[in-house]
Amino acid sequence: VGAGPFREMFDRRGIVWEAPGTSAVAHIAASGGFAAPTLAVHCVHTGPDDVVTLARNGVSVAHCPRSNGKLGAGSAPLRMWRDAGLEIGLGTDSMVSANAVD
């Protein structure tokens, strides 16, 4: 881990990020980050193992398609989320990444 579209996006924007060597979801789970009720935002690059972890921990996901489209972050695996039983909400993110919040 540490390569792919998000890494490329960070590099283009000059954002320094040292990858933890695992997916963000696995890293957060291992750190106890899902101990409290959690709303995860975007989650565009969640794979099957990540989705199982999110579902097992009762995490809900906010899908922000306008922001993802503007940033070129990819498409969310909505069917996989739905099939895993995740609660999915629709988000707007912010004016910075979506030009509007409606």
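Up top is the structure.
Residues numbered from 1 in each chain as written. Predicted model: local features only at pLDDT ≥ 70, side-chain atom pairs only at ≥ 80, totals over all residues. Heavy atoms only, no water.

### What to know about the environment of Val16
If you trace the backbone, Val16 turns up in the loop between helix H1 (5-13) and helix H2 (24-30). Look at Val16 and you get exposed, because its relative accessible area is 72%. (Helix = DSSP H or I, 4+ residues; strand = E, 2+ residues; numbered from the N terminus. Buried < 20%, exposed > 50% of the residue type's maximum accessible area, 1.4 Å probe, protein only.)

### What about the pairing of strand E2 (residues 60-63)?
Residues Ser60 and Ala62 line one face of E2 and the alternating positions Val61 and His63 line the opposite face, and both faces are buried. Pairing between strand E1 (residues 39-41) and E2: three bridges, direction parallel. Counterpart to Leu39 in the pairing with E2 is Ser60. Direction of pairing for E2 relative to strand E3 (residues 88-90): parallel, over a ladder of three bridges. What sits directly across from His63, in E3, is Leu90. (Pairing = 2+ DSSP bridges.)

### A look at the environment of Arg7
Looking at where Arg7 falls in the secondary structure, it is placed in helix H1. Taking the C-alpha atoms as reference points, Arg7 and Ile88, 81 residues apart in sequence, are found 25 Å from one another.

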